[in-house]
Amino acid sequence: MKKCLLSKQFLTKRRHQRLSPTSVYDIGDKLRLVFGKPSSINSLDNNLNNLDSHLLIKLSSSVPSAFGTNNLHPTTIWCIEMLEKYLKGEKLLDVGTGAGIITICALKLIRNKEEKFPTNFQADAFDIYQDAIKQAKTNLRLNGLEKYVNLEQNTLTNYPNNFYTLVIANLPPIAISELWLELIEKVADNGRLILSGILRHSFADLVERFSRKGFKLIDEKLTDLWCLAVLEKNL
Ligand SMILES: C[S@@+](CC[C@H](N)C(=O)[O-])C[C@H]1O[C@@H](n2cnc3c(N)ncnc32)[C@H](O)[C@@H]1O
């Protein structure tokens, strides 16, 4: 087994970290992500489960064009770290799910906390890109989670307003500029938005715009290039 537990600093220094056929990453306190071909991941299953109490996330590299298939971007790592801190309530929306990594981590964390999913639990995940959905489906299946999430190729407009206790969106900057007002509408009162992929030069202005709409900045990650904001809706 190749074990590749890279420091967060190492990952943040690289815009895209290419992964070897089977790589293992620990993120935050609880999650262990394993990338590789489904056959090699499954054969590692027992060893990895026995290592310690980490929750194991299996990720396939079968659709190389989907984001999150062959690389683990710092903005995705931040989102997962923030999930551990700020996962709230039972209605989750993953906007631009890519290979489904964030949704899978959220489902694992929620099920771990409650031992089963809360009664009113709902997880919705979508992407505009068909290959992403294909990859996310494969990954959900690998983790036995496909029946707990509504995964679709779709657009944000088609999801209910004022509904989600947590919206998580790791998006390209252009999509953030286009969707920020619509993202606000999706968050329920007292709900949270984890927004990642913000460019450094537009961070302050974006946070200001959110605050004018009743959102309070409760956490952030900043580098010279990428930023993340955790915003809470307190109208
Ligand atoms: C930076 S990747 C992040 C993927 C995944 N959330 C992660 O962190 O690994 C951004 C994703 O957003 C998707 N995307 C881009 N514009 C979008 C839009 N307007 N609505 C929904 N998804 C979008 C892309 O197809 C891509 O999969």
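Just above sits the structure.
Owing to the predicted nature of the structure, the values given are computational and were not obtained by experimental measurement.

(A) Seen up close, the overall build of the protein. When helices and strands are counted, the protein shows seven helices and 10 strands. Considering the protein as a whole, with its 235 residues, one finds that 54% of them fall into the buried category. Residue pairs in contact within the protein that sit at least 24 positions apart in sequence constitute 69% of those at least 6 positions apart.

(B) How the structure looks around the sheet that holds strand 4 (residues 91-95). Taken in spatial order, the seven strands make up an open sheet running 6-5-4-7-8-10-9, and their pairing is mixed. Of all the strands in the sheet, the pair left with one neighbour each is strand 6 (150-153) and strand 9 (215-222). Averaged over neighbouring strand pairs, the angle between their axes works out to 15 degrees when direction is ignored. Two strands pair when backbone bridges link them, and strand 5 (residues 122-127) and strand 6 are joined in this way by four bridges, in the parallel orientation. Along strand 6, the bridge assignment pairs Phe126 with Glu152. Across the sheet, helix 7 (residues 200-212) lies against strand 8 (187-199), strand 9 and strand 10 (226-233), angled at about 165 degrees from strand 8, the strand it touches most.

(C) The site of the ligand, seen in detail. What surrounds the ligand is a group of 15 residues, the closest being Thr76, Gly96, Ile102, Asp127 and Asn170. Asp127 is positioned such that a nitrogen or oxygen atom in its side chain is 2.6 Å from an oxygen atom of the ligand.

(D) View of the environment of Cys227. Note that Cys227 resides in strand 10. The exposure class of Cys227 is buried, given its relative accessible area of 0%. Put simply, Cys227 and Arg200 are 27 residues apart on the chain and 5.9 Å apart in space, counted from C-alpha to C-alpha. Apart from the residues lying within four places of it in its own chain, the contact partners of Cys227 are Trp78, Leu195, Ser196, Gly197, Ile198, Leu199, Arg200, Phe203, Lys221 and Leu222.

(E) Structural context of the nonpolar core. Leu33, Leu83 and Ile101 are the most contacted members of the largest nonpolar core, which totals 43 residues. The leading source of residues in this core is helix 4 (residues 101-114), at eight residues. Both of domain 1 (8-60) and domain 2 (74-233) provide at least three residues apiece to this core. The next biggest cluster of nonpolar side chains, apart from the first, holds 27 residues, and it includes Val95, Ile184, Ile198 and Leu231.

(F) Fine view of the pattern of salt bridges. On inspection of all chains with the given rule, the structure shows seven salt bridges. The partner of Arg192 in a salt bridge is Glu232, and the shortest N-O contact between them spans 2.7 Å. With a gap of 40 residues between them, Arg192 in strand 8 and Glu232 in strand 10 connect regions that are remote in the sequence. What makes Arg192 buried here is its relative accessible area of 15%. Residue class for Glu232 comes out buried when judged on its relative accessible area of 13%.

(G) Layout of helix 5 (residues 130-142). A rise of 1.5 Å per residue sets the reference length of helix 5, with its 13 residues, at 18 Å; its end C-alpha atoms lie 19 Å apart and thus fit the reference within 8%. Within the sequence span of helix 5, burial applies to Ala132, Ile133, Gln135, Ala136, Asn139, Leu140 and Leu142. Gly144 lies just past helix 5 and shows a positive phi near 65 degrees.

Reading the values: rules and limits
- Residues numbered from 1 in each chain as written.
- Predicted model: local features only at pLDDT ≥ 70, side-chain atom pairs only at ≥ 80, totals over all residues.
- Heavy atoms only, no water.
- Helix = DSSP H or I, 4+ residues; strand = E, 2+ residues; numbered from the N terminus.
- Buried < 20%, exposed > 50% of the residue type's maximum accessible area, 1.4 Å probe, protein only.
- Contact = heavy atoms within 4.5 Å.
- Pairing = 2+ DSSP bridges.
- Axes fitted to C-alpha atoms, helices over the stretch in contact; angles between N-to-C directions.
- Near = heavy atom within 4 Å.
- Polar contact = N/O pair within 3.5 Å; in protein donor to acceptor, adjacent residues only side chain to side chain.
- Core = buried A, V, L, I, M, F, W, Y, C linked by side-chain atoms within 4.5 Å.
- Domains from an automatic or database assignment.
- Salt bridge = Lys/Arg side-chain N within 4 Å of Asp/Glu carboxyl O.
- Expected span 1.5 Å × (residues − 1).

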